[in-house]
Amino acid sequence: RTLPEQPALEGEKRPHQGAERTGAWFRRNRNHRMGLCASAEAERQKFGANEIKAAPETNTRPANGRSVERLFRQLDRGNTGKLTKEDVLLLLRAASRSKASSDEKERERAEDIMKKADKDRDGMLNLEEFSWWIETDSFAVNSADLSSINKTVLELKRSEAASSKKLEAIWAKYRDKNNAEEEEEEEEDIDEEDEVLEDNLGEFLKDIHLDPDGVESFAFAYSIKHEHAGPISRQHFISGLREQDVDSWESLLTWAKRLRIQLKEPKMYRALYIWMFDYIKEANRKTIAKEYAEHLWSVMLPAVFPLYPKWTEFLDTKYESTVVKRDLWNCLYDFAIEIKDDLTNYDRHSGAWPVVIDEFYDFCAHSDANNNNQQTQEHQQQ
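Parameters at a glance
Residues numbered from 1 in each chain as written. Predicted model: local features only at pLDDT ≥ 70, side-chain atom pairs only at ≥ 80, totals over all residues. Heavy atoms only, no water. Helix = DSSP H or I, 4+ residues; strand = E, 2+ residues; numbered from the N terminus. Buried < 20%, exposed > 50% of the residue type's maximum accessible area, 1.4 Å probe, protein only. Contact = heavy atoms within 4.5 Å. Areas by Shrake-Rupley, 256 points an atom, 1.4 Å probe, with all protein chains shown as cover. Phe/Tyr/Trp six-rings, centres within 6.5 Å; stacked < 30°, edge-to-face > 60°. Lys NZ or Arg CZ within 6 Å of the ring centre and 35° of its normal. Salt bridge = Lys/Arg side-chain N within 4 Å of Asp/Glu carboxyl O. Axes fitted to C-alpha atoms, helices over the stretch in contact; angles between N-to-C directions. Parallel < 35°, antiparallel > 145°, perpendicular 65-115°, else oblique. Core = buried A, V, L, I, M, F, W, Y, C linked by side-chain atoms within 4.5 Å. Expected span 1.5 Å × (residues − 1). Left-handed = near helix turned anticlockwise from the far one by under 90°. Nonpolar A, V, L, I, M, F, W, Y, C, P; charged D, E, K, R; others polar.

Draft legend 1. Quick look at the overall build of the protein. Helix and strand counts for the protein stand at 18 helices and four strands. Taken over 382 residues, the protein has a buried fraction of 35%. For the protein, restricting intrachain contacts to residue pairs at least 6 apart in sequence, the fraction spanning at least 24 positions comes to 61%. Approximately 24400 Å² of the protein is accessible, and the part contributed by carbon and sulfur atoms is 48%.

Draft legend 2. How the structure looks around the packing of aromatic side chains. Using the criterion set out here, one finds 28 aromatic pairs in the structure. Ring plane angle 50 degrees and centroid distance 6.2 Å describe the contact between Phe-277 and Trp-329, whose orientation is recorded as tilted. Of this pair, Phe-277 sits in helix 14 (residues 266–280) while Trp-329 sits in helix 17 (residues 326–338), and the two are 52 residues apart along the sequence. A cation sits over an aromatic face here: Lys-119 above Trp-132, 3.9 Å from the ring centre. Across the ring face of Trp-249, the terminal group of Lys-173 is positioned such that the distance to the ring centre comes to 5.8 Å.

Draft legend 3. Spotlight on the pattern of salt bridges. Following the criterion strictly, the structure yields ten salt bridges and no others. Here Lys-116 and Asp-112 are joined by a salt bridge, their closest N and O atoms 3.3 Å apart. A residue pair is termed a helical-turn pair when its members lie 3 or 4 positions apart in one helix, as Lys-116 and Asp-112 do in helix 6 (residues 104–117) at four residues. Residue Asp-362 is joined to Arg-348 by a salt bridge in which the shortest nitrogen-to-oxygen separation is 2.8 Å.

Draft legend 4. Just the environment of Gln-262, in detail. Structurally, Gln-262 is set in helix 13 (residues 249–262). Exposure remark for Gln-262: the relative accessible area of 29% places this residue in the partly exposed category. Sequence separation between Gln-262 and Ala-219 is 43 residues, and the spatial gap between their C-alpha atoms is 9.6 Å.

Draft legend 5. Examining the packing of helix 15 (residues 290–300) against helix 16 (residues 308–317) more closely. With their axes 12 Å apart at the nearest point, helix 15 and helix 16 run at an angle of 170 degrees to one another. When the interaxial angle is binned, helix 15 and helix 16 end up roughly antiparallel. When helix 15 is examined against helix 16, the residues Lys-290, Glu-294, Trp-297 and Ser-298 are found in contact with a partner set consisting of Tyr-308, Trp-311, Leu-315 and Asp-316.

Draft legend 6. Representation of unusual backbone geometry in the model. Here the phi dihedral of Arg-121 falls at roughly 55 degrees; this positive angle occurs in a residue that is not glycine. By the secondary structure assignment, Arg-121 is in the loop between helix 6 and helix 7 (127–136). Even without being glycine, His-209 reaches a positive phi, approximately 65 degrees. Its location among the elements puts His-209 in the loop between helix 10 (201–207) and helix 11 (215–223). Accessibility expressed as a relative area gives 52% for His-209, which makes it exposed.

Draft legend 7. Molecular detail of helix 12 (residues 234–243). Burial in helix 12 covers these residues: Phe-237, Ile-238, Gly-240, Leu-241 and Glu-243. One or two steps after helix 12, the chain reaches Asp-245, where phi turns positive at roughly 70 degrees.

Draft legend 8. Representation of the nonpolar core in the model. In this structure, Trp-297 and Trp-311 are the most contacted members of the largest nonpolar core, which totals 64 residues. With eight residues, helix 14 is the single largest residue contributor to this core. The residues touching Trp-311, leaving out its near neighbours within four places in the chain, are Trp-297, Phe-305, Leu-328, Leu-332, Val-356 and Phe-360. Core analysis: the next-biggest nonpolar cluster, separate from the first, contains 21 residues, Val-68, Ala-94, Ala-117 and Val-153 among them.

Draft legend 9. Seen up close, the environment of Ala-172. Secondary-structure assignment places Ala-172 in helix 9 (residues 146–174). Taking the relative accessible area as the measure of exposure, Ala-172 reaches 29% and is therefore partly exposed. Between the C-alpha atom of Ala-172 and that of Leu-197, which follows or precedes it by 25 residues, the distance is 9.8 Å.

Draft legend 10. Spatial organisation of helix 17. Taking 1.5 Å per residue, 13 residues should reach 18 Å; helix 17 reaches 19 Å between its end C-alpha atoms and fits that length. Listing the buried residues of helix 17 in full gives Leu-328, Trp-329, Asn-330, Cys-331, Leu-332, Tyr-333, Asp-334, Phe-335 and Ala-336.

Draft legend 11. Local environment of the side chain of Asp-334. Mapped onto the secondary structure, Asp-334 falls in helix 17. Other than its neighbours up to four places away in sequence, Asp-334 contacts Arg-270, Ile-339 and Trp-353.

Draft legend 12. Summary view of the packing of helix 14 against helix 17. Where helix 14 meets helix 17, the axes come as close as 10 Å, and the angle between the chain directions of the two elements is 160 degrees. The angle between the axes of helix 14 and helix 17 places the two elements in the roughly antiparallel class. Relative to helix 17, helix 14 is oriented so that their crossing is right-handed. Counted together, Pro-266, Tyr-269, Arg-270, Tyr-273, Ile-274, Met-276, Phe-277 and Asp-278 of helix 14 and Arg-326, Trp-329, Asn-330, Leu-332, Tyr-333 and Asp-334 of helix 17 form the full contact between these two elements. Class assignment for the residues of the contact of helix 14 with helix 17 results in nine nonpolar, one polar and four charged.

See the structure below:
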């Protein structure tokens, strides 16, 4: 057998078969080939390296419609014909081979994808919108073969199913029981839509070392995205904890410990405070009842508002409204953080604060003046 014929360079002579078999031809023409390489380098230096462009290397191939549709149906866990942001996040995790579902960058990218591809603005992607994103986003250009991603999606879904069973066991332990007989009913006889966590929420929070009567109880609801005060549904409980990367009792305790630490961060504390207005507000209302606001303030403000005792006195003696508006709710926290205890950096005439805050400033100033007069009279009497 002979070696395949090699293309000859300019100026070269083809070798005879024996020389090619033994490699003598390559040795004989080595100097000639090295001379051609030197000439090419000289041309590169003369005209500049940018004039010689290599063909772009790529290991990707465009995805066909059938593979995109198969991936779409794999992600569509509820068989609804549409994908949610969590489904898109699952795809991003599969593409990066990462199980860190709580990665902030991946969540931000999933949010950005939904904004760009969601043409109907319904918070979900249909097949057409999904295909448009796959064809236009850099994900389709730089990622591996969609069939490989499809397999990874299936693996992640199986992993989620396994973790869901552990969360289901935690839910079954703490969910409310209407009566003792219901505890003995078979699991399939229980309507999952009617299951809630309310009466046993305090016990659950204590078991994971969160204060059921303090800020931490609201932080739990905030973290699992429980939108309104009241019973927690099974769906909110399971999906909310899973989104926090909780898949077992041990990881639940670890997450609760991390939540207590996060509450010490001013940014987190303020975000929780702002969220609480909508959490406690009734539907189709723009205000919250004064008694509800007073209770929430008693939980949130003492740790950050040195003038809180005077604020409660002001509410009892001067504040006549029975409701609290959002503007007052938000600005009171900023007032508590930004204004000094002696109110020396407060500008009464700036117009930047709600009228109620201005009235509170006047109340404090008048109260301080009365205290100073009283101390002066006592000193004179002595």
